[in-house]
Amino acid sequence: CLCPGSAGKMLGGLLLRLLLATALFSVQNLHLCEGYVGPGGRYHPGFYCPRLSDPASHRYCCRPSPRALKSCCSQPALEALIGVNLSSVPPFPPARNPLALPFVGLYGLLVLLLMAVDLFHFYRTRPSRGGFRAVPSASPRAAPVPAGALQQVTAGQLREQGNALFQAGDHAAALAAYTEALSLCEAEPERAVLHRNRAACYLKLEDYAKAEADASKAIEADGRDVKALFRRSQALQKLGRLDQAVSDLQRCVSLEPKNKAFQEALRALGSSMHERTMSCTDSKVEQMFQILLDPDEKDADKKQKAAQNLIVLAREEAGAEKIFQSDGVRLLTRLLDTAKADLMLAALRTLVGLCAGHRSRTTAVLAELEAPRLSAVLGVEHEQVSLAACNLLHVMFDSLKEGLQKDFRGKEDAVDLKVLIKHLLELLVLEGASAHGRDNALNLLIKVVPRKSSKETNNSLSLWVIDHGLKKVLEVGSTVCGAPGSLPVTENSRMSASVLLSKLYDDLKCDAERENFHRLCKDYVRSWFEGHELAGKLRAVQAVSCLLQGPSDAGNGVLELEGMMDSVLSLCASVCEAHQLVAVEALIHAADKAKRASFITANGVSLLKEIYKHSERDSIRIRALVGLCKLGSAGGTDFSMKQFAEGSTMKLAKQCRKWLCNEAMDAGTRRWAVEGLAYLTFDADVKEEFVEDKAAMQAMFHLVRSEDRSVLYAVASTLVNCTNSYDHEEPDPQMLELAKYAKQHVPEQHPKDKPDFVKRRVRKLLTAGVVSALACIVKSENPALTDSCRELISRVFLALVEEAEDRGGVVAQGGGKALIPLSLEGTEVGQTKAAQALAKITITSNPELAFPGERIYEVVRPLVSLLHLQRTGLENFEGLMALTNLAGISERLRQKILKEKAVPMIEGYMFEEHELIRLAATECMCNMAMSKEVQELFLAEGSDRLKLMVLYSGEEDEKLRVGGLWGPLSRGTVHWLEILQALLLSPSAELQHRGAVVVMNMVAAEREVAEQLMASETLEILSVLAKDDQDKPRVAQAAKASLAQAVAYGLIQPNPGQA
């Protein structure tokens, strides 16, 4: 007998067979075109004939050949194709059975009944949703069946089919199989394999773009898939992207170092790249030289383009080496010998590429060109050619620096440097050399001769230059412009000579070396002063002026020679303008020393006044005025010391401003008006009037942009005086009382130098555009921008950013960019002032906006320098605050701070007694802790660093607690759990938020820690905090994230009783 269940199954089977038979009989006149793969590898789905677009007679499926597509055709066409007469084939039995419809209806009812039963069962077993509740003990469950198991099997079969087709050489059919498998597959690893296989098919079909795309998709899923990496490298190689192909092959070799196929492919690709580069470079070099040296080539644009291409080619190492190997130095020498400016520029700039950073090539170039030829090119009249030659010589000096690191005297490897410097010194006194060529030679000597740092012990190069070239430098410095037989010089030549003399003097290490310098200077001045008539005395006085502007100690020693001061005063009374100019300038520079200033005040003031009142030449009057200004400011900022009668200083300042604004006068004369203001602005009344005169300020800023850069120091001095940015210490009240009791002079501050007045003056300077002028000064590559001048500019910048609301404007006008070089070069005081200004900007501004791009990484080193122990507490604090902002931006910035070795200094300030410094250091270290290296430092075995941070989190001081919260790290003391719970229950929203973030990070970091937290009262606290979305959304968000992570660990689960 049959059971009810088996009877039901039999009935269902009979109904299904009956339904299928009826369906088959109903389509007796239709033929099916089954799915197939076309000739292009594309899969085509099946269809029934006739289609809607076919005639009614086209009821059969036809395929004329394997390379053609299937289509519907008529009976005669099919008979002709297959060679069978369908009329002779017996027809199907009739299928118009009326009993089929009732059975189809019964089968449909049965299907609906089964669906209803299944739906009822689904709702009976559906799990309820709720809140969080504790997880009961785990019970065994049956492993769920993957939803896509059936599809996985189908995809696997298609992949095997594709593999078989690929092995058989039918790559198009294999591609179609892999493509269909991808449409059915959802598992990411399986899809990666299919993409990798498709990439192999595309490589065989020579569709390299699609091969690269499929291989990339496989690599995205698994970056260590060497097959996909290798196939992508093959595709990239065919696409011409050889550098990327090499990168993939190198990755393959690193993953499988013993795979010889990868090694051979990498070696072959490297050779191919080298041959391709060299062949391309060979043709370029030959073509460029052929165009440039062809005398019949008249196309100027073509020659210019060839020259530019040659310069660009020399900037690449492969190109520079190929030019050198192709006899390029000799050909470039021929270009120099043409004496055509454009060809000479191309040759010089190409030689720069050959010599840059390559000692052996530089030696060969110097041997071919020879120092006399280079010196002659430097002295040509064409300014751009001379400047290019100066740049080439500078690069050659840099490439030959190894000789400078050793003892200069007696070393064969330093002979080239000695020869070059010797010819530069000879160029200084060569009559045929141009004025700008002489200036370029001086500038080059300034850059390459003195030591870069006092830490270098070898100053033998400076000693050699002093022994063999000091008098030649003084020849340039003592030249009187316009005098018969004088050397051609520019307005900047004497300033450049003064700077070189000053640097040489500062490079001396002992008294014996300085005495030798003094002796040589006195011998030179005495050689002109004695035995010569008026012309010789003029040269001697001009040399004194040059020395006073440079190494003033040497100048003061020369000025004390017998009869020198008397000659200066007598020349001031000369009727010749040139004589008066030289003498008055010497008198101005001589008044620097207080002892001599009193002598000049007694003997020369009346003479200067006479010249100022009665001279008909403004060039003489303005210099006499500056002399009076300098003598009138001998009291400095001391309000009680007045050299002149009341109101005289204001009159002098008014006249200086008048001349400064007179655009009809040349820039060289107007700069003396700025010199006068630099002295007169010690008086606060003069400062107030100057900042009110917008025309005078604009005229001074315009002078900064002129070619005469000797005005830079005077402008910087004037701005320092107006902003009161010189160092000023408040005197001790007890010492003041003691000085008054002893009847000693006590300096007095001018009432208009109080902070409120200074602040107003700074605002007016900012409005007038002082930041743009200062940025222009910093950009200038001129010897007049000395270290002292840099220090003054740094002081002004620090005063300009004192108020937080002014810092945005300073950055917008280029102040942030200008401060970076100031903080890295110059005097120690100047660097510190510039670094402090950078710190102030970084603290209150968004560093990414204030220092965009790569510039933000250049700020780190100056800020770290503020952490040194010799800096003041304020500088330490501002440096820490600025580094805190930078450390919170990106990991790359944190790595830069680590590289500058700032972490030990930051850690040291965490133990500082001053509360604010300790707080700033703790916050900075908290941001640095996002870096893995710092985390390892605090988690190192036996280290108590982490304990200090967690203990800070339990301090009563709210600020210190906020600074001590440590997100990326976990437990440090036995009381860590109590401290965290106290933070979560704190009335301060900021502390609650940080505590919640700490818990969130700890839960995410380690399951064991999360288990301890969920087993304590922390779970209840987090559940309460997670509901407070309106009042404390940030706290609620962090609490929810912690609970969600606990659910993921399986420590808690949704509670049905909660909404």
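Up top you'll find the structure we're talking about.
Figured I'd write up the structure that's included with this text. Counting restarts for each chain, with residues numbered from 1 along the sequence as it is written. With the structure being a predicted model, the display of local features is reserved for residues of pLDDT at least 70 and the display and counting of side-chain atom pairs for 80 or more, all residues being used for whole-chain, interface and lining totals. The basis for every side-chain value is the complete set of non-hydrogen atoms in the structure, without hydrogens or water.

**Thoughts on the overall build of the protein chain**
- Counting secondary structure elements, the protein chain contains 56 helices and eight strands.
- Each residue's exposure class comes from its accessible area (1.4 Å probe, protein chains only) as a fraction of the maximum for that residue type: buried when under 20%, exposed when over 50%, partly exposed otherwise. Split into buried and exposed, the 1059 residues of the protein chain put 46% on the buried side.
- Contacts in the protein chain between residues at least 24 apart in sequence constitute 66% of all its contacts with a sequence separation of at least 6.
- For the protein chain, the computed accessible surface area is about 54800 Å², with 54% contributed by carbon and sulfur atoms. The helix count covers DSSP runs of H or I at least four residues long, the strand count covers runs of E at least two residues long, and both are numbered beginning at the N terminus. Pairs of residues are marked as contacts when any of their non-hydrogen atoms sit within 4.5 Å. Note on areas: Shrake-Rupley with a 1.4 Å probe; residue coverage comes only from the protein chains shown.

**A short note on a nonpolar patch on the surface**
- Residues with no salt bridge and a relative accessible area higher than 30% make up the patches, which join like charges within 9 Å and nonpolar side chains (Val, Leu, Ile, Met, Phe, Trp, Tyr) within 5 Å. Only one rule defines a salt bridge in this text: a Lys or Arg side-chain nitrogen within 4 Å of an Asp or Glu carboxyl oxygen. On the surface, a cluster of nonpolar side chains totalling about 490 Å² of accessible area is made up of Leu106, Leu109, Val111, Leu112 and Met115.
- Position of Leu106 among the secondary structure elements: in helix H3 (residues 100-125).

**Remarks on the side chain of Ser386**
- Inspection of the secondary structure assignment puts Ser386 in helix H17 (residues 383-399).
- Overall, the relative accessible area of 0% leaves Ser386 in the buried class.
- Those residues in contact with Ser386 that sit more than four places away from it in its chain are Val377, Leu378, Val380, His436, Gly437 and Asn440.

**Some details on helix H7 (residues 208-221)**
- Take the number of residues in a helix, subtract one, and multiply by 1.5 Å to get its expected span. An ideal rise of 1.5 Å per residue puts 20 Å on 14 residues; H7 measures up with 20 Å between its terminal C-alpha atoms.
- The set of residues buried in H7 consists of Ala211, Glu212, Asp214, Ala215, Ser216, Ala218 and Ile219.
- The secondary structure elements touched by the buried residues of H7 are helix H6 (188-204) and helix H8 (226-239).

**Topic: the packing of aromatic side chains**
- When two rings of Phe, Tyr or Trp (its six-membered ring) have centres within 6.5 Å they constitute a pair, described as stacked for plane angles under 30 degrees, edge-to-face for angles over 60, and tilted for the intermediate range. Counted by the stated rule, this structure contains two aromatic pairs.
- Consider the rings of Tyr505 and Phe517, whose centres lie 5.1 Å apart with planes at 65°: the pair is edge-to-face. Of this pair, Tyr505 sits in helix H21 (residues 493-506) while Phe517 sits in helix H22 (residues 511-529), and the two are twelve residues apart along the sequence. Each member of the pair, Tyr505 as well as Phe517, carries the same accessibility label: buried.
- One cation-aromatic arrangement involves Lys537 over Phe529; the distance from NZ or CZ to the ring centre is 5.4 Å. Two limits define a charge over a ring: the Lys NZ or Arg CZ must be within 6 Å of the ring centre, and within 35 degrees of the ring normal.

**Focus: unusual backbone geometry**
- The phi dihedral of Glu206 is positive, around 65°, even though this residue is not glycine.
- When you line up the elements, Glu206 lands in the loop between H6 and H7.
- Positive phi outside glycine occurs at Glu370, with the angle close to 75°.
- For Glu370, the position within the fold is in the loop between helix H15 (359-369) and helix H16 (371-378).
- The partly exposed category is assigned to Glu370, whose relative accessible area is 48%.

Keep in mind that these numbers describe shape and distance, not what the molecule does.
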